[in-house]
Amino acid sequence: MSKEVTRMTRQGRRGLLARLAVGTMLISGTAFGVEAFAQEAAGRNVLVDEAPQDIVVTARKREEKLQEAPVAISVMSASQIENLGASRVSDLAARLPNVAAIDQPAGIGGFSFSPYVRGIYTGARSIGFDSGFGVFVNGAYGGRNEAANKFLPDLERVEFLPGPQATLFGKNTTIGVINMVTRKPGSTWEGDASVEIGNRGIREYGVRARGPLSDVLGIAVSAGRREYDGYYRNRIPAERKMFDPAGRFDGRLGPKFDSMGGAIELVADFDRTTIDLLVDYTRANRHNDIYVGRIEGFDALPLDVRESATMPSQGNEDYGGLLSITQDFDAGKLTLVSTHRKFTNDVAFDGDGYALPIQEGPEWATGQTLTSQEVRFGGEAGRLSYIVGGYWQGQSSRSARVAEILGLASVRVTGEIKARTLSAFTNLDYKLTDRLSAEVGVRWEDERKTLSSFTQSGGALLGVIDINQAPLRRSVEHVSYTAALAFSPIDRVHTHLRYSKGYKSGGYNIDFVTAPVLTPLEFGDESADNYEVGLKIQLTDRLFLNSVYYRTDYHDLQQSEYTRVPGQALPVITTKNSGEARTEGLEISASYRGRRLNINASLGTANARYTHWLRQTATGFSDESGKKLPAPDLTFNILGDYRLPVGNGNLHFVAEYIYRSRAPQPVTMPSGPILPDDPASPLRPSYHVDAISVVNLRLRYDIGRSWNLSGWVRNLFDKRAVIMRQPNDAEGFFEAFGIFPATSIRTQVVGEHQAPRHFGATLQYRF
């Protein structure tokens with residue numbers, strides 16, 4: 001179900017690389033330097049630069065300077081987030097090096113958040129699947145990726161660590177970690193309120209405030225709401241008006257979207273004790289969210305036109321609390337972190353792309369409850385810095401799915417999974433000399449997962465079997481490792497060698513089982529070995545260049561497959577272990593901090609391929625070894641901010657350029673023999689996603705001490721690349737019931753185009 005992006009021709013790649021030679025002087029998109037809020041002498045909040053060598057990060061659960069941290073890490077600051085107009089996690093992902101994600105305006109993507117990271121895709125729709133990309137808030141796990149694209153609280157910075165991070169962050173971080181750090185209240189009151197209005201019904205309102213309640217207690221509050229009317233229109237042709245006789249859906253705009261969220265953080269700071277309580281809430285609803293349009297081949301529709309006789313919708317709710325208690329001792333710092341989160345998701349969508357009762361109204365509901373507790377102690381003993389700790393997590397996930405087909409059959413699937421994780425970890429960093437240090441880390445993890453129930457019923461007319469599965473249990477132990485050397489041969493130059501090993505939980509396919517031979521109920525754990533060589537250089541007081549070469553070997557890679565079986569009405573959607581894969585490449589970040597001009601740029605390459613995989617098909621096995629994984633092999637972004645005093649204020653020009661290369665479509669994997677009339681035939685269309693090339697602009701004028709007015713445009717040149725291609729979900733039904741000629745329907749491509757140009761204005765008041 002993913003709508004991720006990308007495509008690029010060889011000629012296009014050469015053109016991009018040529019532009020890179022001069023592109024560092026472009027002003028555009030981001031992921032490295034940091035700017036901070038400071039108090040001007042006049043007393044108002046202004047944006048000032050903080051050089052990367054002074055930035056302190058906590059990604060390794062200890063305070064250290066960004067340039068000296070012996071790990072690949074990128075940081076995005078509060079001011080960068082504001083310059084980008086970001087209000088959800090997905091708004092940030094596209095600006096991180098070697099990360100590819102849809103950057104749709106106005107929160108079109110809802111809660112779902114499944115980016116590609118270093119050439120590996122992170123998504124699947126079953127609750128039995130855990131993403132390898134971990135989203136954390138203040139170092140605490142934020143829940144499943146379905147809930148990760150939440151409202152952003154008042155942030156100080158965002159830290160991104162690609163590659164396995166299991167030693168300090170635990171399981172399900174084989175691809176990377178994004179850690180959002182909230183901004184703490186200070187000794188004076190400050191904040192802002194904003195109103196944003198744009199075309200296509202964009203309306204956004206937000207407020208943030210933070211300050212002291214007493215000498216020891218501070219509070220930070222943030223809240224916001226976003227509304228959107230959509231950009232495509234539902235059109236039902238005359239011959240199919242019978243399925244919408246009242247005209248309820250004809251002419252409707254979509255996806256209509258509204259969301260709201262907020263967070264309250266209380267910080268009590270005593271002499272040697274700090275207590276931090278963060279509570280947040282997010283709700284989002286989408287209406288007339290028609291999954292795909294018929295974009296190419298047989299019976300294709302015009303751009304931004306859909307056809308559906310239903311009203312697809314999605315509703316999401318995510319909330320929870322995080323309590324952190326820190327106690328300072330002479331020997332070190334004791335930290336206790338407790339979390340509790342709950343997430344629910346209700347979806348109804350049109351799966352066939354027609355105003356026909358073929359696959360109208362498949363519905364599902366999912367939910368998750370998660371509780372965790374971490375305790376760790378960190379300190380220093382001479383040349384040794386250390387962290388030792390333990391972690392417990394319990395979660396319960398539920399899913400219910402219903403698909404009504406032709407009004408004749410209704411297939412129902414329900415399932416529940418419970419999991420408990422217990423782990424112990426340590427990380428040691430020893431300074432061998434003033435310029436050379438060594439790090440080792442280890443984490444033992446014990447996971448027990450139970451498929452409490454799984455039932456499927458009602459699909460006899462479609463040849464779908466009934467299932468009533470008794471409880472299944474799996475219990476596994478894993479040990480993850482980290483080893484690194486950090487060397488600074490001269491001042492301002494830092495290098496590191498790093499090895500890390502992590503794993504991702506196995507699970508269960510809680511989805512429609514339409515072909516048991518291709519849908520194993522259980523799939524196994526995934527593991528990853530990562531190797532990095534990093535170099536961080538401060539070339540001048542204002543210019544910084546960081547780079548890393550990485551190679552990650554995945555074992556038993558979990559792969560989500562969408563398979564059309566010849567002669568079968570329903571497609572097969574399943575997660576399997578797909579053997580061995582390797583991704584390797586370079587990541588380069590450059591940052592320039594000037595008095596008026598700031599530039600941040602990043603380039604990422606990812607050569608991701610299966611090294612060994614015999615894929616099971618309906619008729620045997622297919623050797624996929626050497627084939628490319630469904631992910632872009634090149635990402636690039638550059639962001640610039642130029643400031644110019646004008647009158648009694650300052651004029652800020654912010655420009656951004658984002659590029660992602662062409663990639664295979666991740667979910668389409670036809671099965672069966674290669675015959676002219678079979679779905680796997682070479683005569684079928686090519687399923688891939690196009691290259692993405694986006695320019696975003698923002699012009700802001702600071703009016704006096706407190707007000708600023710911004711005008712902005714996203715997708716300036718109105719690029720409309722195809723960000724998803726696949727066969728029609730209901731292709732098997734069309735063939736089985738002869739609704740369309742088989743030779744025609746097989747040429748049909750359904751999918752999604754990149755969102756069009758959006759523009760608007762934002763008025764903000766600071767205090």
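Residues numbered from 1 in each chain as written. Predicted model: local features only at pLDDT ≥ 70, side-chain atom pairs only at ≥ 80, totals over all residues. Heavy atoms only, no water.

A. Representation of the overall build of the protein. Within the protein, the secondary structure is distributed over six helices and 50 strands. Across the 767 residues of the protein, 60% fall into the buried class. With an accessible surface of roughly 28400 Å², the protein has 59% of that area assigned to carbon and sulfur atoms. (Helix = DSSP H or I, 4+ residues; strand = E, 2+ residues; numbered from the N terminus. Buried < 20%, exposed > 50% of the residue type's maximum accessible area, 1.4 Å probe, protein only. Areas by Shrake-Rupley, 256 points an atom, 1.4 Å probe, with all protein chains shown as cover.)

B. Spotlight on the sheet that holds strand S8 (residues 120-121). Spatial strand order, S6-S7-S8: three strands in an open sheet with antiparallel pairing. Of all the strands in the sheet, just strand S6 (99-100) and S8 have a single pairing partner and so form its edges. Two strands pair when backbone bridges link them, and strand S7 (residues 116-117) and S8 are joined in this way by two bridges, in the antiparallel orientation. Within S8, the position partnered with Val-117 by the bridge is Ile-120. (Pairing = 2+ DSSP bridges.)

C. Region of the structure containing the nonpolar core. Counting 37 residues, the largest nonpolar core has Ile-81, Val-158 and Met-180 as its most contacted members. Secondary structure elements with two or more residues in this core: helix H2 (78-84), helix H3 (89-93), strand S9 (133-137), strand S11 (155-162), strand S12 (176-182) and strand S39 (607-612). Setting aside residues up to four positions removed in sequence, Ile-81 forms contacts with Met-76, Ala-86, Leu-92, Leu-152, Leu-155 and Val-158. (Core = buried A, V, L, I, M, F, W, Y, C linked by side-chain atoms within 4.5 Å. Contact = heavy atoms within 4.5 Å.)

D. Region of the structure containing the sheet that holds strand S17 (residues 253-254). If you trace the three strands from one edge of the open sheet to the other, you get S17-S16-S21, paired in mixed fashion. The two strands at the open ends of the sheet, each matched to only one other strand, are S17 and strand S21 (305-306).

E. The packing of aromatic side chains, seen in detail. Evaluated as defined, the whole model comprises 17 aromatic pairs. Taken together, a centroid distance of 4.7 Å and an interplanar angle of 45° make the contact between Tyr-610 and Trp-613 tilted. Neither residue differs from the other here; Tyr-610 and Trp-613 are each classed as buried. Among the aromatic residues, those joined into a cluster by ring pairs are Phe-298, Tyr-354, Phe-734 and Phe-740. If you follow Arg-401 out to its NZ or CZ, it ends over the ring of Trp-364, 4.5 Å from the centre. In this structure, Arg-714 is placed above the aromatic ring of Trp-712, and the distance from its NZ or CZ to the ring centre is 4.1 Å. (Phe/Tyr/Trp six-rings, centres within 6.5 Å; stacked < 30°, edge-to-face > 60°. Lys NZ or Arg CZ within 6 Å of the ring centre and 35° of its normal.)

F. Inspection of the pattern of salt bridges at higher detail. Within this structure, the stated rule accounts for 59 salt bridges. Ionic pairing is found between Arg-203 and Asp-229, a salt bridge with its closest N-O pair at 3.6 Å. Of this pair, Arg-203 sits in strand S14 (residues 202-212) while Asp-229 is found in the loop between strand S15 (217-228) and strand S16 (232-234), placing the two residues 26 residues apart along the sequence. You can call Arg-203 partly exposed: its relative accessible area is 24%. The class of Asp-229 is partly exposed, set by a relative accessible area of 22%. In this structure, Arg-240 and Glu-307 form a salt bridge, with 2.4 Å as the shortest nitrogen-oxygen distance. Of this pair, Arg-240 sits in the loop between S16 and S17 while Glu-307 sits in the loop between S21 and strand S22 (313-328), placing them 67 residues apart in sequence. Just as Arg-240 is buried, Glu-307 falls in that class too. Linked by salt bridges that have partners in common, Glu-82, Asp-154, Arg-183, Glu-190, Asp-192, Arg-208, Arg-210 and Arg-766 make up one network. (Salt bridge = Lys/Arg side-chain N within 4 Å of Asp/Glu carboxyl O.)

G. Looking closely at the environment of Thr-282. Along the chain, Thr-282 falls in strand S19 (residues 273-287). Overall, Thr-282 belongs to the buried group, its relative accessible area being 1%.

H. How the structure looks around the pairing of strand S35 (residues 558-563). Where burial is concerned, most of S35 is hidden: six out of the six residues are buried. A two-sided burial pattern is seen for S35, the buried positions comprising Gln-558, Ser-560 and Tyr-562 on one face and Gln-559, Glu-561 and Thr-563 on the other. Strand direction decides the pairing type here: S35 and strand S36 (residues 572-577), joined by six bridges, are antiparallel. Looking at S36, one finds that Ser-560 is bridged to Thr-575.

I. Looking closely at the environment of Leu-161. Its place among the elements puts Leu-161 in strand S11. With sequence-adjacent residues up to four places away left out, Leu-161 is seen in contact with Ala-59, Val-71, Ala-72, Ile-73, Gly-176 and Val-177.

J. Layout of unusual backbone geometry. Between Gly-254 and Pro-255 the backbone carries a cis peptide bond, its omega angle lying at -10°. Along the chain, Pro-255 falls in the loop between S17 and strand S18 (256-269). Residue Asn-715 is not a glycine yet carries a positive backbone phi of 60°. Its relative accessible area of 5% is what places Asn-715 among the buried residues.

K. Structural context of the confidence of the model for the protein. Taken residue by residue, the protein gives an average pLDDT of 84. The fraction at 70 or more is 87%. Low pLDDT (under 50) marks residues 1-49, which in the prediction has 180 contacts with non-local residues, meaning those over four places away or in another chain. When the criterion is pLDDT under 50, residues 103-109 qualifies, and its contacts beyond four places in sequence or with other chains add up to 29 contacts. (pLDDT = per-residue confidence, 0-100.)

L. Seen up close, the environment of Asn-288. With respect to the helices and strands, the residue Asn-288 is situated in the loop between S19 and strand S20 (293-296). Residues Asn-288 and Thr-310, 22 residues apart in the sequence, show an inter-C-alpha distance of 8.1 Å. In this view, Asn-288 contacts Tyr-232, Asn-234, Arg-252, Leu-253, Gly-254, Pro-255, Thr-310, Met-311 and Pro-312; residues no more than four positions away in its chain are not counted.

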